[in-house]
Amino acid sequence: MTDLCDRPAHELVSLLHSGETSAQAILESTLARIDAVEGRPPTTAPYLEQPDDRTRVHAYIAVTRDLARQQAQAVDDRLAAGQDPGPLAGIPVAVKDIFCVQGTPSTAGSRILETFVSPYTATPVARLEAAGAVVVGKANLDEFAFGSSSESSAFLPPPGNPWDPRRVPGGSSGGSAAAVAAGEAVVSLGTDTAGSVRQPAAFCGVVGLKPTYGRVSRYGLIAFASSLDCPALVTRDVEDAALVLGVVAGQDAKDATAAAAPVPDYRARLDAGVAGLRIGLSPDYIRLRFPDPVSGELREQSIAPEVEAAVHEAAQALAAAGAEIVEGVPMPNTRFGVPAYFVISRVEAASNLHRYDGVKYGYRFPGEVTDLKDLYRKSRGRGFGPQPKLRILMGMYVSAEQYEKAYYPRALRVRTRIRRDFEQAFDPAGPYRLDALLTPTTPATAFEIGAVYGDSVLMQYADLLTVPGNHAGVPGLSLPAGLDRQGLPIGIQLLGADFHEAMLMRVGRAYESLTASAGWRRARPAVLQSVGSS
Amino acid sequence: MPDSITPEIFRHLVDLAALELDEDEAEYLRRQLNGQLKAIAELESIELDSETAVTSHGVPYPDAIRPPLRSDVVRPAHEADDILAQAPATEDRYIVVPDIPHTELE
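Residues numbered from 1 in each chain as written. Chains lettered and ligands numbered in written order. Predicted model: local features only at pLDDT ≥ 70, side-chain atom pairs only at ≥ 80, totals over all residues.

**Quick word on the overall build of chain B**
Heads up, the condition is: Helix numbering and strand numbering both begin at the N terminus, where a helix is a DSSP run of H or I of at least 4 residues and a strand a DSSP run of E of at least 2. For the radius of gyration, the atoms used are the C-alpha atoms, and the globule rule reads 2.2 Å times the number of residues raised to 0.38.
A tally of regular secondary structure across chain B gives three helices and two strands. For chain B, the N- to C-terminal ordering of α and β elements is α-α-α-β-β. Compactness check: chain B gives a C-alpha radius of gyration of 24 Å against a globular reference of 13 Å for 106 residues, more than 25% above the reference. If one aligns the C-alpha atoms of chain B with their principal axes, the spans along those axes are about 55 × 50 × 35 Å.

**So, the overall build of chain A**
Counted only if it meets this: For every residue, the other C-beta atoms within 10 Å of its own C-beta are counted; 20 or more classify it as buried, 12 or fewer as exposed, and values in between as partly exposed. C-beta atoms are placed from the backbone.
In terms of regular secondary structure, chain A is built from 15 helices and 13 strands. Rg of the C-alpha trace for chain A: 22 Å, near the compact-globule value of 24 Å for 534 residues, within the 12% margin. Taking the principal axes of the C-alpha coordinates as reference, chain A spans close to 70 × 55 × 50 Å. Expressed as a percentage of the 534 residues in chain A, the buried residues total 63%.

**Digging into the packing of helix α11 (residues 386-399) of chain A against helix α2 (residues 23-40) of chain B**
The cut-off we apply is this: Axis definition: a line fitted to C-alpha atoms, over the contacting stretch in the case of helices. Angles run 0 to 180 degrees between N-to-C directions. When an angle is under 35 degrees it counts as roughly parallel; over 145 it counts as roughly antiparallel; between 65 and 115 it counts as roughly perpendicular; any other value is oblique. It is the rotation of the near helix from the far one that decides the hand of a crossing: anticlockwise by less than a right angle makes it left-handed, clockwise makes it right-handed. Contact between two residues is assigned when their C-beta atoms, built from the backbone, lie within 7 Å. Residues were grouped as follows: Ala, Val, Leu, Ile, Met, Phe, Trp, Tyr, Cys and Pro as nonpolar; Asp, Glu, Lys and Arg as charged; and all remaining residues, including Gly, as polar.
Viewed as axis vectors pointing N to C, α11(A) and α2(B) meet at an angle of 55°, and their least axial separation amounts to 10 Å. Here α11(A) is positioned oblique relative to α2(B), judged by the angle of their axes. Considering how the two elements wind past one another, α11(A) and α2(B) form a crossing that is right-handed. On α2(B), the residues touching A:Pro386, A:Lys389, A:Leu390, A:Leu393, A:Met394 and A:Tyr397 of α11(A) are B:Leu29, B:Gln32, B:Leu33 and B:Gln36. Of the residues belonging to the contact of α11(A) with α2(B), the class tally is seven nonpolar, two polar and one charged.

**Brief notes about the interface of chain A and chain B**
Across the boundary between the two partners, chain A contributes 63 residues, which contact 47 residues of chain B. Going through the elements one at a time, α9 (337-352), α10 (372-383), α11, α12 (407-426), α13 (456-460) and α14 (467-472) of chain A are the ones with two or more residues in the side of chain A that touches chain B. The class makeup of the residues in the side of chain A that touches chain B is 39 nonpolar, ten polar and 14 charged.

**Some words on the nonpolar core**
All names here are of chain A. To keep it simple, the criterion reads: Definition of nonpolar core: a set of buried Ala, Val, Leu, Ile, Met, Phe, Trp, Tyr and Cys residues joined via C-beta atoms within 7 Å.
Counting 195 residues, the largest nonpolar core has Ile91, Val93, Val134 and Leu393 as the members making the most contacts within it. When residues of this core are assigned to their parent elements, the largest contribution, nine residues, is made by α9. In contact with Ile91, not counting residues within four places along its chain, are Ala9, Leu12, Val13, Ala133, Val134, Val186 and Val187.

**What about the pairing of strand β2 (residues 92-96) of chain A?**
All names here are of chain A. Put simply, the rule is: Being paired, for any two strands, means DSSP has found at least two bridges between them. Classification remark: right-handed applies to a crossover when, strands pointing away from the viewer, the course from the first strand over the helix to the second runs clockwise.
By the criterion of burial, β2 is predominantly enclosed, with five of the five residues buried. On β2, burial covers both faces: Pro92, Ala94 and Lys96 on one face and Val93 and Val95 on the other are all buried. Looking at chain direction, β2 and strand β3 (residues 134-139) are connected through five bridges and run parallel. Bridge pairing in β3 links Pro92 to Val134. Following the backbone out of β2, through helix α4 (residues 123-130) and into the adjacent parallel β3, one traces a crossover that is right-handed. Judged from the three bridges that link them, β2 and strand β4 (residues 187-191) form a sheet pairing that is parallel. Within the sheet, the bridge partner assigned to Val95 lies in β4 and is Leu189.

**So, α2(B)**
Which entries qualify depends on this criterion: Every helix has an expected span of 1.5 Å times one less than the residues it contains.
Helix length check: α2(B), at 18 residues, gives a terminal C-alpha distance of 26 Å against a target of 26 Å (1.5 Å per residue), a fit within 8%. In this structure, the buried side of α2(B) is in contact with β9 (298-302), α9, α11, α12 and α13 of chain A together with α1 (7-17) of chain B.

**Considerations on the confidence of the model for chain B**
Heads up, the rule is: Scored between 0 and 100, pLDDT is the confidence that the predictor attaches to each residue.
When pLDDT is averaged along chain B, the result is 91, and 99% of the positions lie at 70 or above. This complex was scored by the predictor with a pTM of 0.97 and an ipTM of 0.94.

**Some details on the environment of A:Pro489**
All names here are of chain A. Here Pro489 lies in strand β13 (residues 489-495). Along the primary structure Pro489 and Gln316 are separated by 173 residues, whereas in three dimensions their C-alpha atoms are 19 Å apart. Beyond its immediate sequence surroundings of up to four residues, Pro489 is in contact with Trp163, Ala202, Phe203, Cys204, Gly205, Thr445, Pro480 and Leu483.

**Remarks on helix α2 (residues 23-37) of chain A**
All names here are of chain A. Over its 15 residues, α2 runs 21 Å from end to end, which matches the ideal 21 Å to within 8%, given 1.5 Å per residue. Tucked into the core, α2 has its buried residues touching α1 (9-17), β1 (60-63), α3 (65-80), β2 and β3. One or two positions beyond α2, positive phi appears at Gly39, with a value near 85°.

**What to know about unusual backbone geometry**
That bond from A:Leu156 to A:Pro157 is cis: its omega, 10°, falls within 30 degrees of zero. Structurally, A:Pro157 is set in the loop between β3 and α5 (174-181). Cis peptide bonds are those with omega within 30 degrees of zero, and the linkage from A:Gly171 to A:Ser172 qualifies with 10°. Relative to the assigned elements, A:Ser172 resides in the loop between β3 and α5. One non-glycine residue, A:Arg433, adopts positive backbone phi at about 50°. Here A:Arg433 is to be found in the loop between α12 and β11 (436-440). One non-glycine residue, B:Arg93, lies in the positive phi region at around 65°. Structurally, B:Arg93 can be placed in the loop between β1 (90-91) and β2 (94-95).

Rendered as structure tokens:
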């Protein structure tokens, strides 16, 4: 029998309501799994790798067992009293440690926030808790979400991929995706600024949903690039994504960018099928310009053949179920997503990181300083790791009047072009009239820990196929679509029109049904093979 | 291609960014920045007509989904002590900082 912690949330909620299990039993199953696969807790101490490190998952910066047990007890008490415990009652959630949770350390994976205890709770977390979810802990991530492998966290060992812990789980929401894949949480709240939920979801064989920009409030999310940041979800299946999005989405008086668009019942038409839907394929997501994995030189090339094959197989399956596949959809500005992101995200990050000064909160250099400016320099110099420093410096450079070659306004106009690609693809009166665009999520499957980290250009290009959706603000859904020859998960992506998450999940659900009997769906991550099933 | 970000420009950026760096770290960061600029230079190959507007947010916010402004009412905040408690150095509810660089005006 499948352990409780490996089941999807919608099944657990049903079991809970029928009295077949309790919130405490679900939580204890999850905590037992954490004990079995997690490994030593990450710290900011100088990192010396130990032999065991690359056999464990290290998904969490902090596991908040006591708080979780109180929350689970409260859910069981409400059930016993005949009260409605909420749509996510008893569901163990891992919260990416870039969301503030009142009374708990909220570190952003950075030494500069190591001592910060948040005085308030982020809106999406508050909504999860109000719906009965049980927060198990804070998931590890790239420092301030700056990365695609989770290796840049100040808290080490870095997370490992549950399918092969010598490899990265992706990033920046690497801890989130690893936790859900390994049964250390049932769902996770992450963020996606360039692909930071979709890419790790693809690497870890789980579902990743980046909603439309503005669909979910950013209040309490430690800011990286404010025009691109999106709270996003990691789940075990599409139905869970629909269940959780319904809880976290919607207007918020504390975030003026949280759209006042109505929140539909995302589960209402999940099983409506794909007959008659128009699903696009674009050659611009298969062959494009990105750095050669060996030489590092930018050149036009194709993505990994096995990933490309997974996209075509998915298209064939959907076509057989009645979808109309529209080939040759032009998305010519896809290749400019990363270069434009290098400019826009850095300018926004540099601005957002000015607040860390060693004065108001967080790390302050404890030694002698000559004056306030010296305190800033020493606190920031020691508090930030290399990734924040790179982002601040590049943000300064591309926005400084005396140096820039009008890079910033140029990047913002390129962003307009990227947006137009999507508008044209989804225009109901246009030539393509797509309901969804089907693409690979990543150019290749998970790489080894240490193989890319340190080369900030190569690392950024891991977001090649996900970042255009962030520039455009449109929703994206990454789905597991098989395993490569090395047994590593492959992800495919569905992109849709603004606020059309329900359509993406409907197509995603259909794909899940069509592939339900596929052999790869029965494969389990390597770290679970030594874990006994109860 | 010569580095766009020379050691001199880099020192200026570091000063603007208020970062104290050791030499090895500085050289690594400068090299990475110059590598990133090669990727950014891809943007120069795009022909943009003068009518292409800038996009600062991907998703448009038409009136139908634009949240209304909050009403202007006083709301007591109870977190002041929690917020102050996060400051690394305080005295009598003031945040303590070292000498602030300043110029005497005549």
